[in-house]
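Here is what each chain is made of, one letter per residue.
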Amino acid sequence: MSCFRRHSFGLPGCIAAAALFFSIASAPADPPPRPVMIPGVTSSGRATVSPAQGISGEFGAWTVKFTVGKEGIETGGGIRVQLPDSWHSGPRNSANSLQSRDPAKPHYVQARVSRSGVKFAHLVESERSNEELIKHPKLSLDGRNERYVFVVRVHLTEGRLQAGDTISVIYGERSGGSPGMLAAAIATDQEPVLVAVDTTGKNTFQRIKKEPQIQSLAGEPVEMLVHAPSQAVPGRPVQMLVALLDAQYNPVMRPVKLRLSLVTGNGSFSAKVNARPRNGRIQFSVTPRSVGVLRVKVEAPDLKLSAVSNPTDVTKALPERKLYWGDIHSHARLSWDGVGDRSFEYARHITGLDFYALTDHSIEPTGGTTRGLSKETWAESVALTEKFHDPPHFVTIHGYEASFDRPYGHHNVYFRDRPGPFIYPERTSLDELWQMAAAGEVLTIPHHTGKFPGGIDFEHHHPDFRRNFEIYSGHGSSEVYAPGQPLSFERSNFTQPSRSLPAPTFAQDAWKKGLLVSTIAASDDHRGQPGQPHFGLAAVRAPTLTRNDVFQSLHDRHTYGTTGAKVILEFSLNGSPMGSSVQVDSAPLLKVRALGSGVIERVQILKWQKSAEKFAVLHSWHPDALDFEGEYRDEAFTAGAIYYVRLRQKEPIRDHLVKAWSSPIWTEKKH
Ligand SMILES: [Zn+2]
Ligand SMILES: [Zn+2]
C-alpha cells in the first residue's frame, strides 16, 4: 500500500499530514498544548498493565496503571501511554481506531485518577471522528511516525497528584456499552507499553525507565493447512506440513492427533500421527508408490478440522524445471503500515513456501523519524533476508517496495543476489532506478496497477527490468478492467472499499502494448503472515531451489500466478511453455494441463491479435474434475497473436474465488 502522500489527497507528505491532524486534535473543548518529548528516561513513577495478555483478534479490556513517583504531578502535567502498534492493527492493513468520544462504540478508552478533587481530561492524540480505518501516520513516543500509533494523553486541569496516587488508562472500557477493544490482530512476543510522564506541568514528557510488557496470544484453532511439494518420484519420500491456524491466521502450538488418508494417487504413510508442532507446524513423510497425482487428506478429529494437501505430480523422473511456490511481496514491522516480525518463519513453516521476499516500503525519513524502510532499516531487512536464506530448503530474495506515483506506479525491486541500489521513490524515479541498475541483476515488478488512484503508464518501460507482472494480490485482480467481478478491487475490502481504474493499466493492456511480462501473484500482506491461500502466490519453474535459479526463472518468465492455491498449471504452444516467444507458421497447437487444489470448474484460453480491440476467449472447457488435460488448435491464427490461460475452481477459499493465470505465449511469423 502506499503512504498517505498521494498528490490527489492534496497533502505534501506523511509528516506534514500527521502534524496537521496532531495539532487540531479536537477531543476536549480546550486541548492541552502539544507535548514535547525529552530524550532519556525518568525513574519517577512506575506502570503496570493488566491483564498482561490478550487473545489475538478478540475483544477485551486492559488497564495501564501509572503510580505517581515522589515528584508528584503538577497541574497541567500528566501521562502519555501507547500500546504496541500490533494492538491497533486491524484486518489486512487497516487500523482499529482508538477513540475517547463514544463510550458505546468499540475501542473506547477511558481514564481515572485515584485522588478525588483532581480534575483531568483525557484524549486520543490525533483522534478524528467517524473514521474507523485510520490510514494516517501519527507520531509515536519513540519518535516513529506510523499508522498504528495511538497515544492516549491524560492531562491534569485542576489539582495536583502526590506520590503513590495513580492514573489508570482503561483500553476497551465497557461500562458505557462498548464491546471493548480488540487485542492485537496477530500473536506477538511480549512487547513494551510505552509510558511518558510530565511531572512539572510544562508539557515536557519523558519516558519511564521500566515499561510494562504486553503479549497477544493465538486463539483456538479453526483452520488447517496442509502443504505438499508439487512434484515427486515413486519410491522417494517427501515431507508434508500441517499447520493449525486460529481465526487471525496465527499458528496454534498444541499437540494434536492426526489421521491421514489417500484422496488420489498412490502413496504410503503412517495412518496416524501424534505430534506437537515444531516451528508452528507438524511434518510427516509420504512415499509415493506410483506415477499419478498424489493428494493426502489430513484430519484432526479432536478439533473437527481437516484439509487436503495440494496436488503432488508424481512422475517417473523429476522435470528439469521444478515447480516452486513463493510470495515475494509482503510487509511487516519495517513498513510504516505493517506489523509482525516473524514473516520469514511464517513463510517457510506455516504457509509452506519455497521462496520468499520481505518487501517493506522504502520511504524517505523526514524530521528524523522512521516511517518505513530507510537506509538504516534496509540494512536490517537485508540482514534478516540473509539470516533465513537456507537453500535448497528455503530461498529468500532481497527486495523492497518503491511506491512510485504516476506515471510509474508501485513496484517491488528485487536483486539476483546481494542487494543493489536502494532508492526513495520520493526522490528517484523508476526511469532513474533503471539507469542505475545492471541488466540481469535487478527486476522491478509492478502491482495493483488497475487500482484507483494509482495507475501506471506503460509508455515508461524497460524490457531488461520489467519482465513480470503481479496480476493478483489481496487487493484484487489487475488482469482486466472489470469492476463487477468477484476479485475486483471493489470487492476485495483490503483496507477500505477501493475502485478499479477505468484506464489501460491492466495486464491485458500491458500485453496489447507489447510488454513481454509474465504473470505472478503475491499477497501484499501487511501482518507478517505471507503466503495466505487467498492472497496470491507466485509459481516459478526453476532447475533447483537456489536464489540464483529462482531469480533467473523470474527473469526468464518461467512463472504463473494463482490466488494462493498451489494449483499446477501447464500451458504450451507447439511444445514451447508459457512465458515463451514462439515463431509460428500456421495453426498452432495449444495444450493445457492442470492439477487442481480443488475441483476445476473452468479453463479458458484467451487470445489477442493485432486486429482485435481486446482479448477474447478462444476456447473454454468445463472439466468439473480435480485434474484436466486438453488441447486446441487455433485455425484462425495470425502472426503476433498472444495467448494465455486462466482457470477457475469450484469451491472458494476463505470466501475468495480460486483462480490461476498462466503467463502469455507470444507469437511471431516464422521467417
Ligand atoms: Zn504498493
Ligand atoms: Zn506492498
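As a convention, each chain's residues are numbered from 1 in the sequence order in which they are written. Note on labels: chains are lettered from A, ligands numbered from 1, in written order. With pLDDT at 70 or above as the cut-off, local features in this predicted model cover only qualifying residues; side-chain atom pairs require 80 or more to be listed or tallied, and sums for whole chains, interfaces and linings still use all residues. Excluding hydrogens and water, the side-chain values take into account all heavy atoms of the structure.

Quick look at the overall build of the protein chain
A run of DSSP states H or I qualifies as a helix once it reaches four residues; a run of E qualifies as a strand once it reaches two. Both are numbered from the N-terminal end. Each helix and strand counted, the protein chain has seven helices and 47 strands in total. To get the radius of gyration, use the C-alpha atoms; to get the globule rule, take the number of residues to the power 0.38 and multiply by 2.2 Å. In terms of overall dimensions, the protein chain is globule-like: its C-alpha atoms have a radius of gyration of 27 Å, near the 26 Å expected for 671 residues. Projected onto its principal axes, the C-alpha coordinates of the protein chain cover approximately 90 × 60 × 40 Å. Under the scheme applied here, a residue whose accessible area is under 20% of the maximum for its type counts as buried, over 50% as exposed, and between as partly exposed, the area being computed with a 1.4 Å probe on protein chains only. Taken across its 671 residues, the protein chain has 60% of its residues classed as buried. Note on contacts: a residue pair qualifies if any of its non-hydrogen atoms lie within 4.5 Å across the two residues. In the protein chain, the proportion of contacts linking residues at least 24 apart, taken out of those at least 6 apart, comes to 73%. For the protein chain, the exposed area adds up to about 25300 Å²; of that, 50% sits on carbon and sulfur atoms. Residues counted as positive are Lys and Arg, residues counted as negative are Asp and Glu, and His and the chain ends are not counted. Positions of charges follow a simple convention, taking NZ of Lys, CZ of Arg, CG of Asp or CD of Glu. In the protein chain, 76 positive and 68 negative side-chain charges are present, and the distance between their average locations comes to 3 Å. For the accessible areas, the method is Shrake-Rupley and the probe is 1.4 Å, while residue cover comes only from the protein chains on display.

Concerning the coordination of the zinc ion (ligand 1)
Only nitrogen, oxygen and sulfur atoms within 2.8 Å of the metal, or 3.2 Å for Na, K and Ca, are treated as donors, and water is left out, so sites may look incomplete. Coordination sphere of the zinc ion (ligand 1), protein contribution only: E401 (OE), H410 (ND1) and H447 (NE2), at 2.0 to 2.2 Å. Between consecutive donors of the zinc ion (ligand 1), the numbers of intervening residues give the motif E-x8-H-x36-H. Between the two metal centres, the zinc ion (ligand 1) and the zinc ion (ligand 2), the spacing is 3.6 Å, with E401 acting as a shared donor. Residue E401 is found in strand β31 (residues 399–403), and its partner H447 is found in the loop between β33 (442–446) and β34 (468–473); the two are separated by 46 residues along the sequence. Both residues of the pair, E401 and H447, belong to the buried class.

Topic: the coordination of the zinc ion (ligand 2)
All of the protein donors around the zinc ion (ligand 2) are H329 (NE2), H331 (NE2), E401 (OE) and D524 (OD); their distances to the metal are 2.1 to 2.2 Å. One can describe the donor arrangement at the zinc ion (ligand 2) as irregular, given that its four donor atoms subtend angles of 83 to 171° at the metal. We note that the donor set of the zinc ion (ligand 2) lies within a single chain, spaced as H-x1-H-x69-E-x122-D. A residue is classified by how much of its surface remains accessible, and D524, at 0% relative accessible area, is buried. A four-donor site is called tetrahedral if each angle lies between 85 and 135 degrees; a four-donor site is square planar, and a six-donor site octahedral, when trans pairs exceed 155 degrees and the remaining angles lie between 65 and 115; all other cases are labelled irregular.

Points about the sheet that holds strand β14 (residues 191–192)
Within a beta sheet, neighbouring strands are joined by backbone hydrogen bonds and run either parallel or antiparallel to one another. One bridge is not enough; two strands pair if DSSP finds at least two bridges between them. With mixed pairing, three strands are arranged side by side in an open sheet as β3-β17-β14. Sheet topology places β3 (53–55) and β14 at the edges, where each strand pairs with a single neighbour. The pairing of β14 with strand β17 (residues 213–217) spans two bridges and is classified as antiparallel. Bridge assignment links P192 to a residue of β17, and that residue is Q213.

Notes on the nonpolar core
Counting 40 residues, the largest nonpolar core has Y560, L569, F571, V592, V603, Y643 and L647 as the members making the most contacts within it. Listed by contribution, the elements that provide at least two residues to this core are β28 (322–327), α2 (343–350), β37 (537–542), β39 (568–573), β41 (581–584), β42 (589–608) and β45 (642–649). Residue contributions to this core peak at seven residues, all from β42. What fixes the domain bounds is an automatic or database domain assignment. Each of domain 3 (319–566) and domain 4 (567–671) gives at least three residues to this core. Residues belong to one nonpolar core when they are buried, are Ala, Val, Leu, Ile, Met, Phe, Trp, Tyr or Cys, and are joined through side-chain atoms within 4.5 Å.

Considerations on the sheet that holds strand β22 (residues 267–268)
With antiparallel pairing, the four strands of this open sheet are ordered in space as β18-β20-β24-β22. On the outer flanks of this sheet lie β18 (223–227) and β22, each paired with one strand and no other. Throughout, an axis means a line fitted to C-alpha atoms (over the contacting stretch in the case of helices), and angles, computed between N-to-C directions, take values from 0 to 180 degrees. Lying on the sheet, α2 is in contact with β18 and β20 (238–245); it crosses β20 at an angle near 120°.

Quick word on the environment of G352
Examined against the element boundaries, G352 turns out to sit in the loop between α2 and β29 (355–356). Residue class for G352 comes out buried when judged on its relative accessible area of 15%. A sequence separation of 124 residues divides G352 from A228, and the C-alpha atoms of the two residues are 8.1 Å apart. Every residue in contact with G352, bar those within four places of it in the chain, is listed here: H227, L241, A347 and K566.

Comments concerning the pattern of salt bridges
We define a salt bridge as a contact between a side-chain nitrogen of Lys or Arg and a carboxyl oxygen of Asp or Glu at a distance within 4 Å. Scanning the entire structure with this criterion turns up 30 salt bridges. Between E158 and K119 there is a salt bridge, with its nearest N and O atoms 4.0 Å apart. Of this pair, E158 sits in strand β11 (residues 151–158) while K119 sits in strand β8 (residues 119–124); the two residues are 39 residues apart in sequence, bridging distant segments of the chain. Look at E158 and you get partly exposed, because its relative accessible area is 44%. Assessed through its relative accessible area of 47%, K119 is described here as partly exposed. E380 is the partner of R333 in a salt bridge, and the nearest nitrogen-oxygen pair spans 2.9 Å. Pair noted here: R333 is in the loop between β28 and α2 and E380 is in helix α3 (residues 375–387), with a separation of 47 residues, a long-range link. Ionic contacts of the salt-bridge type, sharing partners, join the residues D85, D142, R144 and E146 into one network.

Considering unusual backbone geometry
The peptide bond linking S50 to P51 adopts the cis configuration, its omega dihedral lying at -10°. Looking at the element boundaries, P51 is found in the loop between β2 (46–50) and β3. In this structure, the amide linkage connecting F452 to the following residue, P453, adopts the cis form with an omega of 0°. Relative to the elements of secondary structure, P453 occurs in the loop between β33 and β34. Even without being a glycine, Y249 presents a positive backbone phi close to 70°. Not every positive phi belongs to a glycine, and H448 is a case in point at roughly 30°.

Description of the pairing of strand β12 (residues 166–171)
Counting buried positions along β12 gives six out of six residues, so the element sits mostly inside the fold. A two-sided burial pattern is seen for β12, the buried positions comprising T166, S168 and I170 on one face and I167, V169 and Y171 on the other. Taken together, the six bridges between strand β5 (residues 62–67) and β12 define a ladder with antiparallel strand orientation. Looking at the pairing, F66 lines up with I167 of β12. For strand β7 (residues 109–113) and β12, the ladder comprises five bridges, and the chain directions are antiparallel. Counterpart to V109 in the pairing with β12 is Y171.

Read these as layout, nothing more, since geometry by itself doesn't imply function.
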